[in-house]
Amino acid sequence: MSETVFKETVLELKNLNVGYVSKKPILENINLEIEKGEIVAFVGPSGAGKTTLIKTIASIIPQISGEICILGECCADCLPSGNIGYIPQRLGLVNNKTVIENVIFGKFHKMNFLDVFLSNPNEKIIKEAMDILESLEMKEKANEQVKFLSGGERKRVAVARTLLQKPKIILADEFLGELDDETSISVGFKMFNYVKKNGSSIIFIDHNPARAMGVSDKIFKVCEKKVVKLDKKEQNVEVAR
Amino acid sequence: MTEKNKTKLSLVVAVFILFIFSNNLNLDAGSIIDGGRNSKDFIQEALPLDMNVFNAQPYPECEKKIPFFCSIAWLGLSETFQMAYIATILGFLLAIPFSVVASSNLNFGKFKFVSRSMLSFIRVLPSLVWAIFFVVAVGLGPLAGVLAMTIYTIGFLGKLQYEAFEGVSNHPIESAKAIGMKKWQIVNHVVFPESANNLMSQLLFMLEYNMRHGAIIGLVGAGGIGYYLNLYLKLGIYDRVMSILMIMFVSVMLIDSISNALRKKYFNETNKS
């Protein structure tokens, strides 16, 4: 009981309905809380609405109704802020820019007008970005254009951008998919290590329930218009299936 | 009625309509025969070409070392090229704010409709009509031509640009939004770089287009090589008219080839990915 007193809620969804058409919500009446430092997985069949939910939390799609509370601030029609890092399924990188330029996008919200306009970050930001790229074994490719990278390398660039941003909540849409196991473990380890070290939280979508269960503190199943929290037993059942 | 008969009947109806319309417009076959004779006379007068267009004009006196730089060919062509270049660059830059606002993926609300309507209005009038308007407004000369082509370039490129912006993938735009990047930052750092190839290609195409139209709008007094074409047509010096037409043809072909080579090189590089 005493443990819960010190827990800090970073994300709370209250009676949230999400979807693209107000009369036809894809998910209804979502109520969930994510604590500081938690690693949370959304699992469920394709087309269930996992990506729509993540995009709604990231304020890319407006919610139909209900509230999204981020770090205690609740709003019905939120504007995106630097508190959320988002890695979409297709990574959202700018192909005609270099690796380092893409990574530095993560710091744009903290740079002044002129530096952003000229894409001219200070030495400290560049060093920080290069350190992150080095930890992801991408330092040598810093000045290569993203369009020339492999799928795995592109994923590491997207992760580096998010790590440089230092968001309080990271939303990642299948960021471990399509990578070979060794790279998945390496990239996943960096990301989850960052979350634990910096007191951030991560919500990620994964089609692999075994992998999701292995790394997450909580698992939610998105299915049939509902988001249901799975307990340990149910998680095992899900994996067994 | 069988399918075969239906086709025959359609053909008969189409030919019948053709005769009615020809009659309404008084299209006289005799005039076509006369036209053939006139064309033959024109070609006889126009050939051989008058190469004097490559020599220095007698007045004003040529002060340049190479007399060709005082010739009608050089003066007219260089003026047309300069007009086309200025109009293309100015039009390209001025079209960008309109096309950004007109792009549906950048969500500028009602301003999108206003911007698209303005671009459509500009495109309704061809550059020749804009040239007549500006000749009346600012007088004869290259300024009228530059203004006419700039305005038309805004309308034409504006549409191509917003279509290019709308073709940019939503994923980088969405992830930039989620990071908290402002709209102008998204335009500057995501939309422009992602559509850069298309924008470059459109710019080259517009330069070619303006070069061709720069020659045409000279006919209404808006400067360039078209001015000389109009002058010699009015005076009935057809060998010079033909020389100028040949110069225009060769120069447009040349610009076309340069632009194609640039485009090929540029796209080959980007397609390596």
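Values in this document were obtained by computation on a predicted structure and should not be read as measured data.

(A) Examining the domain arrangement of chain A more closely. All names here are of chain A. Annotation of chain A at the domain level lists domain 1 (1–83 + 167–241) and domain 2 (95–166). Listed per partner, the contact involves 14 residues of domain 1 and 11 residues of domain 2. For the pair domain 1 and domain 2, the summed buried area comes to about 1100 Å², and 71% of that belongs to carbon and sulfur atoms. Put simply, domain 1 and domain 2 have 0 salt bridges between them. No other element matches the 5 residues that helix α7 (residues 181–198) contributes to the side of domain 1 that touches domain 2.

(B) Geometry of the pairing of strand β4 (residues 65–70) of chain A. Residues and elements named next belong to chain A. Relative to β4, strand β1 (residues 9–18) runs antiparallel, the two sharing 5 bridges. Paired with Leu13 across the two strands is Ile68, which belongs to β4. Inspection of the sheet shows β4 paired to strand β5 (residues 73–75) by 3 bridges, in the antiparallel sense. When the bridges of β5 are listed, Cys69 appears paired with Cys74. What sits between β4 and β5 in their antiparallel hairpin is a turn of 2 residues, with Leu71 showing a positive phi close to 50 degrees.

(C) View of helix α5 (residues 127–138) of chain B. All names here are of chain B. Over its 12 residues, α5 extends 16 Å from the first C-alpha to the last, a length consistent with the 16 Å expected when each residue adds 1.5 Å. Along α5, the positions that sit buried rather than exposed are Ser127, Trp130, Ala131, Phe134 and Val135. Buried residues in α5, looked at end-on, bunch into an arc of 140 degrees, giving them a common side. Considering only its buried residues, α5 is in contact with α4 (110–124), α6 (142–166) and α9 (196–217). In the segment just after α5, Gly139 is the residue with positive phi, at about 95 degrees.

(D) Spotlight on the sheet that holds β1 of chain A. All names here are of chain A. Taken in spatial order, the 4 strands line up as β2-β1-β4-β5 in an open sheet, and their pairing is antiparallel. Every interior strand has two partners, whereas the edge strands, β2 (27–35) and β5, have only one. Here the average twist between neighbouring strands, direction ignored, is 10 degrees. Helix-sheet contacts for helix α2 (residues 50–57) involve β1, β2 and β4, and the interaxial angle to β1 is about 120 degrees.

(E) The packing of aromatic side chains, seen in detail. All names here are of chain B. For the structure on display, the rule yields 13 aromatic pairs over all chains. Where Phe156 meets Phe205, the ring centres are 6.1 Å apart and the plane angle is 25 degrees; that geometry is what we call stacked. Within this pair, whereas Phe156 is found in helix α6, its partner Phe205 is found in helix α9, the two being separated by 49 residues in sequence. Through a chain of ring-to-ring contacts, three or more aromatic side chains come together here, namely Tyr152, Phe156, Phe205 and Tyr209. The ring of Phe108 is capped by Lys183, whose NZ or CZ atom sits 4.5 Å from the centre of that ring.

(F) Broad picture of the packing of helix α3 (residues 72–102) of chain B against α4 of chain B. All names here are of chain B. With their axes 7 Å apart at the nearest point, α3 and α4 run at an angle of 135 degrees to one another. When the axes of α3 and α4 are compared, the pair comes out oblique. Considering only the axes of α3 and α4, their crossing is left-handed. Across from Phe98, Val101 and Ala102 in α3, the residues of α4 making contact are Phe111, Lys112, Ser115, Arg116, Met118 and Leu119.

(G) Inspection of the packing of α3 of chain B against helix α10 (residues 225–235) of chain B at higher detail. Residue and element names in this part refer to chain B. Taken N-terminus to C-terminus, the directions of α3 and α10 make an angle of 130 degrees; their axes are 7 Å apart at the nearest point. Overall, the two elements α3 and α10 adopt an arrangement that is oblique. Listed contacts from α10 to Ile72, Ala73, Leu75, Gly76, Leu77 and Thr80 of α3 are Ile225, Tyr228 and Tyr232. In terms of residue class, the contact of α3 with α10 is made up of 7 nonpolar, 2 polar and no charged.

(H) Spotlight on the pattern of salt bridges. The tally for this structure, following the rule as stated, stands at 9 salt bridges over all chains. With a shortest N-O distance of 3.1 Å, Lys159 of chain B and Glu163 of chain B are connected by a salt bridge. Taken together, the residues Lys159 of chain B and Glu163 of chain B, both in helix α6 and 4 residues apart, mark about one turn of the helix. Within the structure, one salt-bridge network assembled from shared partners comprises Lys107, Glu128 and Lys166 of chain A.

(I) Molecular detail of the sheet that holds strand β7 (residues 169–173) of chain A. Residues and elements named next belong to chain A. Strand order across the open sheet formed by 6 strands is β6-β7-β8-β3-β9-β10, with mixed pairing between neighbours. Where the open sheet ends on each side, the last strands, each with one partner, are β6 (84–87) and β10 (226–230). Each strand axis lies, on average, 20 degrees off the axis of its neighbour in the sheet, ignoring direction. Strands β3 (39–43), β6, β7, β8 (201–205), β9 (218–223) and β10 of the sheet are contacted by α2, whose axis makes an angle of about 150 degrees with β8. Seen against the sheet, helix α6 (residues 151–165) touches β6 and β7 and runs at an angle of roughly 180 degrees to β6.

(J) Structural view of unusual backbone geometry. All names here are of chain A. Positioned with a positive phi, Asn29 is a non-glycine residue whose angle comes to about 50 degrees. Checked against the element boundaries, Asn29 lands in strand β2. Look at Asn29 and you get partly exposed, because its relative accessible area is 47%. For Glu224, which is not glycine, the phi torsion reads 50 degrees and is therefore positive. On the secondary structure map, Glu224 appears in the loop between β9 and β10.

(K) View of the environment of Met83 of chain B. Secondary-structure assignment places Met83 of chain B in helix α3. With 64 residues separating them in the primary sequence, Met83 of chain B and Leu147 of chain B have C-alpha atoms 9.1 Å apart.

(L) Geometry of a nonpolar patch on the surface. Where nonpolar side chains cluster on the molecular surface, the patch consists of Met1, Leu9, Val13, Phe16, Ile17, Ile20 and Phe21 of chain B and spans about 720 Å² of accessible area. Tracing the backbone shows Ile20 of chain B in helix α1 (residues 3–24).

Reading the values: the criteria
Residues numbered from 1 in each chain as written. Chains lettered and ligands numbered in written order. Predicted model: local features only at pLDDT ≥ 70, side-chain atom pairs only at ≥ 80, totals over all residues. Heavy atoms only, no water. Domains from an automatic or database assignment. Contact = heavy atoms within 4.5 Å. Buried area = accessible area lost by both parts, 1.4 Å probe. Salt bridge = Lys/Arg side-chain N within 4 Å of Asp/Glu carboxyl O. Helix = DSSP H or I, 4+ residues; strand = E, 2+ residues; numbered from the N terminus. Pairing = 2+ DSSP bridges. Expected span 1.5 Å × (residues − 1). Buried < 20%, exposed > 50% of the residue type's maximum accessible area, 1.4 Å probe, protein only. Arc of directions from axis to C-beta. Axes fitted to C-alpha atoms, helices over the stretch in contact; angles between N-to-C directions. Phe/Tyr/Trp six-rings, centres within 6.5 Å; stacked < 30°, edge-to-face > 60°. Lys NZ or Arg CZ within 6 Å of the ring centre and 35° of its normal. Parallel < 35°, antiparallel > 145°, perpendicular 65-115°, else oblique. Left-handed = near helix turned anticlockwise from the far one by under 90°. Nonpolar A, V, L, I, M, F, W, Y, C, P; charged D, E, K, R; others polar. Patch = residues over 30% accessible without salt bridge, like charges linked within 9 Å, V, L, I, M, F, W, Y side chains within 5 Å. Areas by Shrake-Rupley, 256 points an atom, 1.4 Å probe, with all protein chains shown as cover.

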